[in-house]
Amino acid sequence: MMKPHSWPTSILGSLIGLIGLILTIGGVWLGFLGGSLYYLLTGAAMIIAGVLLFKGRVTGAWLYMAIFVATLLWAFWEVGGNAWALVPRIVAPAVLLIATILIIPTLTQTRHRWRFAGAGALGVVVLAVMLFTFLGTRPRAIAMLPAASSNAMVDPSGQATGADWPSYGGTGAARRYSALSQINPANVDKLERAWLFHTGDLPSKRAEGTYGAETTPLKVGNALYLCTPKNIIIALDPVTGKEHWRFDPKVPDEAIPYTAACRGMVYATTAGASAEALCATRIIEGTLDARLIAVDARTGKPCSGFGTNGQTDTKVGMGQTPPGYVSITSPPTLVKGVLVVGHQILDGQNRWAPSGVIQGFDVVTGKLRWAWDMMHPDWNGYPPAGQEWARGTPNMWTMASGDEQLGLVYLPMGNASADYFSGSRRPQENQFATSLVALDVTTGKPRWRFQAVRKDVWDYDFGAQATLVDYKGVPALVLPSKQGDIYILDRATGRPLTPVGTIGAPGGGVEPAQRAKTQSVSLWHTLRRPDLTERDMWGMSPIDQMICRIQFRSAAYKGFFTPPTSERHSIEYPGYNGGTDWGGVAVDPTRGVIVANYNDMPNYAQLVPRAEANRRGWVPRDQARGKIGGAEGAGDPQANTPYAINVNAGWRLPFTGMLCKQPPYGGIRAIDMATGKTIWDRPLGTARTNGPFGIPSMLPLTIGTPNNGGSVVTAGGVIFIAAATDNLIRAIDMRTGKTLWQDVLPGGGQATPMVYQGADGREYLVIMAGGHHFMETPVSDALVAYALPR
């Protein structure tokens, strides 16, 4: 019987041997799949080293040190100097190396052995710190920032930022740009909290796990207007944060779709009305239970002439609409006196969910002017008696933008209600899904469309609002996509002004005859990274990384546009959260620079045959008693199709919760609009709230986290953004991409900030720190304002 030399060596030898056994077994599996043999070879060597250490032999320690050196060489051969990619490859092995060095004195009688062991262990720590400090991720400056021009783009909306922030995107052009310059790179580090306001709208016990405020306030004159997750409208003093009034539309919890969110509202002026008349100026919002609400901007009282007692039900004509299936989470778009309204229709529940109809309402009366139902293009108003708008059609859940001069509204369209199965879609659905559609706002009829994905089964709906710009003398719009592609289109015709190409798309999946042989891509600029490889797999340790490599090799993956499958998982990269999602892009019109924050994560998905989905109890929400909210795609039934869908968004390991793809998971980039070239690119977000098993690491290291929400750019040369999962708001230097200032928010900053000037002459930065259940950030009811010291 073997007799260990000491308890420490026995424990360490057993641990190294056990890890070696796990790596050997997994390594055999990975090797069988055609993957790296490193884990098999290293695992076998670790078993030997563990046995030798258990026997008390110093050769076991020397063998493990040799294994570590080989691991270090292999790691640099695989990923070079990518610091985050090196973490799972060398950090855990380095911890075992330190333990091995410290155990050597128990195995020898060499003089000063403890002194040498301590120095060796300290040396490993110091070298590791120096290595990761040297290799740490920094902003990658590539080109010079264009100089500001006096011939700045004219804003076609007729609105302006500066003292005010009159629209969700700053103005109707949705540039998210402020003309203020009081705050600049030289003084932004002096920003301090000016005031903090609590809305009082927090989730009830039943609605826990559904909140994500996402709101961007409006500022007009001496009032700041915001809406809460459940659509309470509040007016505040912009300088003090003191409440003027509030209006509560009493939205029930049952109406919450995936997330309780109100992204924004509309400020409108009634032409010809006396300034003192009720609702001469009004605030309009859409609610989670799909009402349009109009209240007086001065008092918060309902506008009696709007609909019925200040509200209009937009569900009329949709037929059966179970609670939560039809919601308005984004602000309507006001063009030529028409409020253009789209709806968030619950995806993945039922192929024949309520209609994705687009509606135009009169801003003064609240009456329906027109409706666009793609299946009934001849209908101009409500459906004929006894009929309803076509069910299951593509919807617009996000923000539209509009051109007052052209009379067009630009609709970023989603997909049919079953995102991951296309066999039952009708020709009109295939025609308009995942497209930007320009409607004539006077008639509600399509003028043109630009489609980014053919027969989309990846949930690649357009999530971002298009931004109106001038491009080389042509009225244009910037259109970012979830695939990471950025297009510039002629506003009048939809003609691409920048190169668009096609790539061969992989076939297969459960509907090979439905898959398009080619798909469109932007040849001008893309935020998308190259296709994933086995080397991109990550985790907390070599074991995590090996498991992710096995999953990668076991999954169906043929690169971009790999279709979902049922016999095994498939990898969708980029995932449905972007690329660019609802936060959109910001544009500096004086420099001609696009600022785009983006996600860089895959999804790990599998179609589940109907019989198996039924066995698991995956039924539509209206049949699941008491269920509200929930993560999109996680066990969605897709009733009335052959398959349900299960999406592991971000591709997490089940035990540690670590992501399988190596960082960064999100970034922010500045792009020269004249050339399409990157000015700088950097990861966005630190690791302070991330860690294995959901335990925050509190490390201030820039890892690049998932992000939701957009940025604001200013004439002062500063970018303000929160969005990441680290609960920080930061100021970024427009020129270099470096962080100049940051502050910890009371909750997650999954919203787009806004900038205005108060009556005291100070420039204010305001962000809703409401948190977000899907992003796993803390929920809060805090609206935070920042300014320079008085």
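Whatever comes next refers back to the structure up there.
Everything numeric here is computed off the predicted structure, so don't read it as measured data.

Parameters at a glance
Residues numbered from 1 in each chain as written. Predicted model: local features only at pLDDT ≥ 70, side-chain atom pairs only at ≥ 80, totals over all residues. Heavy atoms only, no water. Core = buried A, V, L, I, M, F, W, Y, C linked by side-chain atoms within 4.5 Å. Buried < 20%, exposed > 50% of the residue type's maximum accessible area, 1.4 Å probe, protein only. Contact = heavy atoms within 4.5 Å. Helix = DSSP H or I, 4+ residues; strand = E, 2+ residues; numbered from the N terminus. Expected span 1.5 Å × (residues − 1). Phe/Tyr/Trp six-rings, centres within 6.5 Å; stacked < 30°, edge-to-face > 60°. Disulfide = S-S within 2.5 Å.

### Brief notes about the nonpolar core
Reasoning step 1: Counting residues in hydrophobic clusters, the biggest one holds 39 residues, and the most contacted among them are Leu-191, Trp-195, Phe-720, Leu-783 and Tyr-786.
Reasoning step 2: Once residues within four sequence positions are removed from consideration, Leu-783 is found in contact with Trp-195, Leu-196, Phe-197, Pro-217, Leu-224, Leu-226, Leu-236, Val-766, Ile-767 and Met-768.
Reasoning step 3: Counting residues in each nonpolar core, the second largest holds 30 residues, with Leu-12, Tyr-64, Ile-67 and Ala-94 among its members.

### A word on helix 2 (residues 38-54)
Given 3.6 residues per turn, any residue in an α-helix points the same way as the ones three and four places further on.
Reasoning step 1: Between its first and last C-alpha atoms helix 2 spans 24 Å; for 17 residues at 1.5 Å apiece the expected length is 24 Å, and the two agree.
Reasoning step 2: Along helix 2, the residues that are buried comprise Tyr-38, Tyr-39, Thr-42, Gly-43, Met-46, Ala-49, Gly-50, Leu-52 and Leu-53.
Reasoning step 3: Taken together, the buried residues of helix 2 touch helix 1 (7-32), helix 3 (58-79), helix 4 (83-103) and helix 7 (542-554).
Reasoning step 4: Within two residues after helix 2, Gly-56 carries a phi angle of roughly 85°, on the positive side.

### Some points on the packing of aromatic side chains
Reasoning step 1: Under the defined criterion, the tally for this structure stands at 21 aromatic pairs.
Reasoning step 2: With centroids separated by 6.2 Å and ring planes inclined at 25°, the aromatic side chains of Trp-458 and Tyr-460 adopt a geometry described as stacked. For the pair formed by Trp-458 and Tyr-460, the shared burial category is buried.
Reasoning step 3: Seen in terms of ring centroids, Trp-458 and Phe-561 are 5.1 Å apart; in terms of plane orientation they differ by 70°. Their pairing is edge-to-face. Taken as a pair, Trp-458 in the loop between strand 21 (446-451) and strand 22 (467-471) and Phe-561 in the loop between helix 7 and strand 28 (570-572) lie far apart in primary sequence, 103 residues in all. Side by side, Trp-458 and Phe-561 carry an identical accessibility label, which is buried.

### Regarding the state of the cysteines
Reasoning step 1: Under the definition given, this model contains three disulfides.
Reasoning step 2: Residue Cys-227 pairs covalently with Cys-262 via a disulfide, S to S 2.1 Å. In this structure, the disulfide formed by Cys-227 and Cys-262 twists by about -95° around the S-S bond and is classed as left-handed. Of this pair, Cys-227 sits in strand 5 (residues 223-227) while Cys-262 sits in the loop between strand 7 (243-247) and strand 8 (266-269), placing them 35 residues apart in sequence.
Reasoning step 3: Residue classification places Cys-262 among the buried positions, given a relative accessible area of 1%.
Reasoning step 4: Paired by a disulfide, Cys-279 and Cys-303 hold their sulfur atoms 1.9 Å apart.

Treat this as a map of the structure, not an account of what it does.
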